[in-house]
Amino acid sequence: MSENHFEYLWNKVKERVKPLVNSIAYSTFIDVLVPTDVVDRKLVLKADTEIAAATITKNHLSALREAVIAADIGLTDVAIIVDGSEEFTLDNLPDSFEDSAVVLDKRYTFDSFVVGSSNQFVYAAAKSVAENPGTEFNPLYIYGGTGLGKTHLMQAIANAIREKKPSLKVLYTTSEKFLNEFVDSLARKGEGREYRFRNRYRNVDVLLIDDIQFWAGKYGVQEAFFHTFNELSSQHKQIVISSDCPAKELTTLEERLRTRFEGGLIADIQPPDLETKIAILKRKALEKKYLVPDDVLAFLAKNSDNNVRTLEGRLNTVIFASKLHEEPITLQLAATALQEAINVDENAVVTPDAIIRATCTHFSVSRQELLGKNKRAELVRARQICTYLICEMLALPLVSVGKEMGGRDHATVIYSRDKIAKLIKISDTTAKDVNDIRSAVLKQ
């Protein structure tokens, strides 16, 4: 069967399922599912994340099954999957799915955060909030590109308050988890979920929510957070929010929310300069108990993007090569391990267009094909790798990345970025493609 036929079947099912679920659940979870196959008279539907798949399975699977039968398309059931996963069923949901808390990473502290000219202001603001929550900067709105340290600072605030002010109730969560719990509360009102949701988020002293750009266009959850915000603010409880762009650029966020965000302190994290990159690498090396020569640190910092996670990944590659070959870490070893020439032009300008051109050349596709809507597997893969590289090599807001990639929304950008990040760890082919394109960009 063709992809068009799967779409045809899915559209028939969606017509039937729409009246069976509330509008928020439909737009958030059902409408964005992608039909990929038909197996044993089951329509296979792919969700973006495991959390979404688990939510659909737990709350909306019966409605989907009813809709499939009512659509009279010759099918009897649906299968919910995520890339690389088995079918989600009520018997194999993740143990941590229901009422699970986001676990703080104890490594994320203020002491382990490398401070430079690009992040001095936001670091000082975060420390001030941790020392005196609910007094000066409320809310604190932190924004910056991918991999610059937003989550590190958010969790550093939470860890510091829990350690120094244990009597305060601190809740750190992600915007996706907040959204999923909100939709779950609507779907299961009769079980007291609505009260439990409200109680969970309004009876805290400090609330930290990461990556609120995920709520773009989702007005139901924005309404829920608006009331949560007002309740906490009226009691002088601390609120900390992070996003990949300034509040004023979140055009699909309600004006009244943006106004409240702008009423506190807005602090941005800029891309690190060369000295800060070297300091980050040196800190990471010491944490791993490795002494890395200064010339290698400078090489890793100069020929890299602005993403701290990418910096650490490059360092890990060099350390692994040193262990594997039982050789000391040298500039030549680093260059060989990263498949990059030492004489890469350190003045090379990395732009989204440069990454797009390099990707097109590597995969022998046209710019129109790469940025278009064609869903051929080879084009989708090239598109996802290109999206990943723009995210990793440039500290751009996800909204801007989406625009560069042909007008795709931020959810698609996040999915592509995270998928390739996972594949790099398990697929030598993907890792080589990414490294080859990155090297080509740095040599342009």
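Residues numbered from 1 in each chain as written. Predicted model: local features only at pLDDT ≥ 70, side-chain atom pairs only at ≥ 80, totals over all residues. Heavy atoms only, no water.

## Here we look at the sheet that holds strand β6 (residues 206–210)
Strand pairing in a sheet is mediated by backbone hydrogen bonds. Such pairs are either parallel or antiparallel. Taken in spatial order, the 5 strands line up as β5-β6-β7-β4-β8 in an open sheet, and their pairing is parallel. Two strands lie at the open edges of the sheet, namely β5 (170–174) and β8 (265–269), each paired on one side alone. Averaged over all neighbouring strand pairs, the angle between strand axes comes to 15 degrees, with direction disregarded. (Pairing = 2+ DSSP bridges. Helix = DSSP H or I, 4+ residues; strand = E, 2+ residues; numbered from the N terminus. Axes fitted to C-alpha atoms, helices over the stretch in contact; angles between N-to-C directions.)

## Considerations on the pattern of salt bridges
Under the definition given, this model contains 17 salt bridges. Among the charged side chains, a network of salt bridges with common partners joins K177, E181 and R200. (Salt bridge = Lys/Arg side-chain N within 4 Å of Asp/Glu carboxyl O.)

## Quick notes on the packing of helix α5 (residues 120–131) against helix α6 (residues 150–164)
Orientation of α5 relative to α6, taken along the N-to-C sense of each, is 25 degrees, at an axis distance of 9 Å. Our classification of the angle between α5 and α6 gives roughly parallel. In the crossing of α5 with α6, the sense of the turn from one axis to the other is right-handed. Mapping the contact onto sequence places V122, Y123, A126, V129 and A130 in α5 and L153, I157, A160 and I161 in α6. (Parallel < 35°, antiparallel > 145°, perpendicular 65-115°, else oblique. Left-handed = near helix turned anticlockwise from the far one by under 90°. Contact = heavy atoms within 4.5 Å.)

## Things to note about the nonpolar core
Ranked by internal contacts, the top residues of the largest apolar core, which has 58 residues, are I80, I212, W215, F225 and F261. When near neighbours in sequence (up to four residues on either side) are disregarded, F225 contacts F178, L207, I209, W215, I239, I241, L257 and F261. Core analysis: the next-biggest nonpolar cluster, separate from the first, contains 28 residues, C360, A382, L394 and V401 among them. (Core = buried A, V, L, I, M, F, W, Y, C linked by side-chain atoms within 4.5 Å. Buried < 20%, exposed > 50% of the residue type's maximum accessible area, 1.4 Å probe, protein only.)

## Here's the deal with the packing of helix α2 (residues 23–30) against helix α7 (residues 175–187)
Contact pair α2 / α7: the axes reach a minimum separation of 10 Å and the direction vectors enclose 140 degrees. The orientation of α2 with respect to α7, classified from their angle, is oblique. As for the relative orientation of α2 and α7, their crossing is left-handed in sense. Facing α2, whose interface residues are I24, A25, T28 and F29, α7 presents L179, N180, F182, V183 and L186.

## Things to note about the environment of I142
Here I142 lies in strand β4 (residues 140–144). Judged by relative accessible area, I142 falls into the buried class, the value being 0%. Considered as a pair, I142 and F225 are 83 residues apart in the sequence and their alpha carbons are 17 Å apart. Not counting chain neighbours up to four residues away, the residues in contact with I142 comprise V122, K150, L153, M154, V240, I241, S242, S243, A267 and I269.

## Observations regarding the side chain of N119
In this fold, N119 is placed in the loop between β3 (77–81) and α5. On the basis of relative accessible area, N119 is assigned to the buried category, the value being 5%. For N119, the side chain forms a polar contact with the main-chain oxygen of V114, separated by 3.2 Å. For N119, the contacting residues outside a window of four places in its chain are F113, V114 and I269. (Polar contact = N/O pair within 3.5 Å; in protein donor to acceptor, adjacent residues only side chain to side chain.)

## Remarks on the confidence of the model for the chain
For the chain, the average pLDDT comes to 83, and 91% of its residues sit at 70 or higher. Low pLDDT, under 50, characterises residues 95–100; the stretch is placed with 12 contacts to residues that sit more than four places away or in other chains. (pLDDT = per-residue confidence, 0-100.)

## Section: the packing of aromatic side chains
Considering all chains together, one arrives at 14 aromatic pairs under this definition. Their ring planes at 85 degrees and their centres at 5.8 Å tell us that F110 and Y123 sit as a pair that is edge-to-face. Here the residue F110 occupies a position in the loop between β3 and α5, and Y123 occupies one in helix α5, the gap between them amounting to 13 residues. Residues F225 and F261 carry aromatic rings whose centres are separated by 6.3 Å and whose planes lie at 50 degrees to one another, so their mutual orientation is tilted. Taken together, the residues span a long stretch of sequence, with F225 in helix α9 (residues 219–234) and F261 in helix α10 (residues 255–262) at a distance of 36 residues. What makes F261 buried here is its relative accessible area of 0%. Grouped by ring-pair contacts, the aromatic residues Y141, Y143, F178, F182, F197, Y201, W215, F225, F229 and F261 constitute a single cluster. Positioned over the ring face of Y201 is R200, at 5.4 Å from the centre of the ring. Above the plane of the ring of F226 lies R256, whose end atom (NZ or CZ) is 3.8 Å from the centre. (Phe/Tyr/Trp six-rings, centres within 6.5 Å; stacked < 30°, edge-to-face > 60°. Lys NZ or Arg CZ within 6 Å of the ring centre and 35° of its normal.)

## A word on the pairing of strand β7 (residues 238–243)
Across the 6 residues that make up β7, a large majority, 6, are buried. Side chains of β7 alternate between two faces, with Q238, V240 and S242 and I239, I241 and S243 buried alike. Where β4 and β7 come together, 4 bridges link them in parallel fashion. Across the sheet, I142 pairs through a bridge with S242, a residue of β7. Here β6 runs beside β7; their pairing, made up of 4 bridges, is parallel.

## Examining unusual backbone geometry
With an omega dihedral of 5 degrees, the bond running from N138 to P139 counts as a cis peptide bond. With respect to the helices and strands, P139 occurs in the loop between α5 and β4. The phi dihedral of R41 is positive, around 60 degrees, even though this residue is not glycine. Along the chain, R41 falls in the loop between β1 (34–39) and β2 (42–46). With a phi angle near 55 degrees, S364 is a residue other than glycine that sits in the positive phi range. Tracing the chain through its elements places S364 in the loop between α15 (352–363) and α16 (367–371). Residue class for S364 comes out exposed when judged on its relative accessible area of 66%.

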